[in-house]
Amino acid sequence: GLVLIFLMIAGASGLFVFDQVYNFFVSAENLPDITVKHDEPSQVVYEVGNLPRWEGTERVNVLLMGIDQREGEDGPWRTDTMLVLTIDPVTMSGGMLSIPRDLWVPIPGYEEARINQAHFFGEVYDYPGGGPALAVKTVQYNLGVPIHYYARVNFTAFEELVDLIGGIDVYVEEEIVDDAYPDDETKGYDPLYIPAGWRHFGGEMALKYARTRCTSGGDFDRAKRQQKVIRAIFDQVTRLDLLPQLAP
C-alpha cells in the first residue's frame, strides 16, 4: 500500500512514467487495500480496496502529509510535512509545492493557527473524516486549489518504504552538521553529520536528511531536501529492474 501511494506521488514528476506505473498496478489481480478520499470538499467518503479512477484529462492534486508520529506515542499528531503534488495531463507536466508548517492561516470552523495544527484539530475535535479531512479543507480554503486525494505517512512508514526499494541516491549540496538533531527514544540529542556530495541513504538516514533544519536556509532548505527525497524515490521505483519486484 505504501508503494502504491508513493508511486502516485512520484507521478508529479512526470505524467508519462506515472501512467506506466499506474497501469502496471491496475493490471495486477490482487491489489492491497488502500484508503482513498474522493474530491468532494464538503463530504468525506471512503472506498477501500480500489485504486482511484482517473480519466486522463483532468488535473490531479494530491496533498502529502508526513505526521510527527513516533513509535509508541499516542496521538493526535501534527503534520511535520505538507506538500501539494500536481499532475497536468494537458501540458504533460507536474510539480510540487511545499507548504511551510509554521504558516499562520485561518482553519475553517476553528481559530487561526499554524497550518500544521489543522490535522491535530481534526483529530481532537472529531471532525468528519478526521485530521486528514480538515487538513485538506484548510489547504483548499487558503490556497484556492482543489485537493482530490491525500496520502499520510508517519516516520516509521517512510523509513520502511525507502528500505523496501533498496534506498535512494541523493546529492547533498552542502555539509550538514546538526548537533541538536532529536533522539526520539531518549528525548535527547542524536548528533547528525552528512558530508556534501552523492550519498546513498537507507530509510533511517533519508528521514534524518529530510527532517533536519540545521542549514543556512532553515525550513526553506528542509523543504527543498524533502522534494529531492521524493524525486529520488520516484527515480528508484521507476527503474525497469525494480518494477517487477513491486508487484502485489
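Structure's up top.
Residues numbered from 1 in each chain as written. Predicted model: local features only at pLDDT ≥ 70, side-chain atom pairs only at ≥ 80, totals over all residues. Heavy atoms only, no water.

Participant: How should I be thinking about the overall build of the protein in this particular structure?
Facilitator: Scanning the protein from terminus to terminus reveals seven helices and 14 strands. Here the protein holds 248 residues, and 48% of them are scored as buried. If you sum the accessible surface of the protein, you get close to 12700 Å²; carbon and sulfur atoms cover 51% of it. (Helix = DSSP H or I, 4+ residues; strand = E, 2+ residues; numbered from the N terminus. Buried < 20%, exposed > 50% of the residue type's maximum accessible area, 1.4 Å probe, protein only. Areas by Shrake-Rupley, 256 points an atom, 1.4 Å probe, with all protein chains shown as cover.)

Participant: Teacher, can you tell me more about the pattern of salt bridges here?
Facilitator: Side chains bearing opposite charge may pair, as long as their charged atoms lie close to each other. This model, assessed by the stated rule, comprises eight salt bridges. Where Asp88 meets Arg59, a salt bridge forms, and the shortest distance between an N and an O atom there is 3.1 Å. One end of the pair, Asp88, is in strand E4 (residues 79–88); the other, Arg59, is in the loop between strand E2 (46–48) and strand E3 (60–67), with 29 residues separating them in the sequence. Classification of Asp88 by relative accessible area gives buried; the value is 11%. On the basis of relative accessible area, Arg59 is assigned to the partly exposed category, the value being 37%. Within the structure, one salt-bridge network assembled from shared partners comprises Asp80, Arg101, Arg213, Asp219 and Arg222. (Salt bridge = Lys/Arg side-chain N within 4 Å of Asp/Glu carboxyl O.)

Participant: How do you make sense of a nonpolar patch on the surface when you look at a structure like this?
Facilitator: Taken together, the side chains of Leu97, Leu143 and Val145 present a nonpolar region at the surface, about 220 Å² in accessible area. Relative to the helices and strands, Leu143 is located in helix H4 (residues 130–143). (Patch = residues over 30% accessible without salt bridge, like charges linked within 9 Å, V, L, I, M, F, W, Y side chains within 5 Å.)

Participant: Which parts of the structure should I look at to understand the nonpolar core?
Facilitator: One broad trend across soluble globular proteins is that nonpolar side chains are buried collectively. With 21 residues, the main nonpolar core has Phe158, Ile168, Ile194, Phe201, Tyr209, Val229 and Ile233 as its most contacted residues. Counting residues per element, the ones that place at least two in this core are helix H5 (155–164), strand E9 (168–172), strand E13 (192–194), helix H6 (203–211) and helix H7 (218–237). For Ile168, the residues in contact, after removing those within four places along its chain, are Val162, Arg199, His200, Phe201, Ala206, Val229, Ala232 and Ile233. With 20 residues, the next largest nonpolar core counts Ile99, Val105, Phe121 and Ala135 among its residues. (Core = buried A, V, L, I, M, F, W, Y, C linked by side-chain atoms within 4.5 Å. Contact = heavy atoms within 4.5 Å.)

Participant: Sorry if this is basic, but what is going on with the packing of aromatic side chains here?
Facilitator: Remark: the centre distance and the inter-plane angle together describe each pair of aromatic rings, the angle taken between the planes. Going through the model one piece at a time under the given rule, you end up with six aromatic pairs. Residues Tyr110 and Tyr125 carry aromatic rings whose centres are separated by 5.5 Å and whose planes lie at 25° to one another, so their mutual orientation is stacked. On the criterion of sequence distance, the pair formed by Tyr110 in the loop between strand E6 (104–106) and strand E7 (112–114) and Tyr125 in the loop between helix H3 (117–124) and H4 is long-range, its members being 15 residues apart. An aromatic cluster of three or more residues is present, and its members are Tyr110, Phe120, Phe121 and Tyr125. Here Arg78 stacks its cationic end above the ring of Phe120, 4.3 Å away from the centre of that ring. Cation over ring: Arg225 sits above Tyr209, and NZ or CZ is 5.9 Å from the ring centre. (Phe/Tyr/Trp six-rings, centres within 6.5 Å; stacked < 30°, edge-to-face > 60°. Lys NZ or Arg CZ within 6 Å of the ring centre and 35° of its normal.)

Participant: Help me out: how do you make sense of the environment of Arg152 in this one?
Facilitator: Relative to the elements of secondary structure, Arg152 occurs in strand E8 (residues 149–153). Here Arg152 falls in the partly exposed class, since its relative accessible area comes to 38%. The contact partners of Arg152, leaving out residues within four places of it in the chain, are Met65, Ile67, His119, Glu123 and Pro132. Within polar-contact distance, the side chain of Arg152 engages the side chain of His119 at 3.0 Å. (Polar contact = N/O pair within 3.5 Å; in protein donor to acceptor, adjacent residues only side chain to side chain.)

Participant: How should I be thinking about unusual backbone geometry in this particular structure?
Facilitator: One can expect most non-glycine residues to show negative phi and most peptide bonds to be in trans. For Asp126, which is not glycine, the phi torsion reads 55° and is therefore positive. Relative to the elements of secondary structure, Asp126 occurs in the loop between H3 and H4.

Participant: What am I meant to see in the pairing of strand E5 (residues 93–98) here?
Facilitator: Of the pairings in the sheet, the one linking E4 to E5 comprises six bridges and is antiparallel in character. Across the sheet, residue Asp88 finds its bridge partner in E5, namely Ser93. From the end of E4 to the start of E5, which pair antiparallel, there are four residues, and Met92 there has a positive phi angle of about 55°. (Pairing = 2+ DSSP bridges.)

Participant: Can you walk me through the packing of H6 against H7 in this structure?
Facilitator: Between two packed helices, what matters for the description is the angle formed by their axes and the separation of those axes. Remark: H6 packs on H7, axes separated minimally by 7 Å, with the N-to-C direction vectors making an angle of 145°. Taken together, the residues of H7 that come into contact with H6 (itself represented by Tyr209, Ala210 and Arg211) are Arg222, Arg225, Gln226, Lys228 and Val229. Here the contact of H6 with H7 is built from residues that sort into three nonpolar, one polar and four charged. (Axes fitted to C-alpha atoms, helices over the stretch in contact; angles between N-to-C directions. Nonpolar A, V, L, I, M, F, W, Y, C, P; charged D, E, K, R; others polar.)

Participant: Explanation requested: the sheet that holds E5 in the structure shown.
Facilitator: Strand pairing in a sheet relies on backbone hydrogen bonds. The paired strands run either parallel or antiparallel. Reading across from one edge, E5-E4-E3-E8 is the order of the four strands in this open sheet, with mixed pairing throughout. At either margin of the open sheet sits one strand with a lone partner, and together these are E5 and E8. Strand-to-strand, the axes of this sheet are offset by a mean angle of 20°, without reference to chain direction. Sheet topology note: the E3/E8 ladder contains five bridges and is parallel. Of the residues in E8, the one forming a bridge with Val62 is Tyr149.

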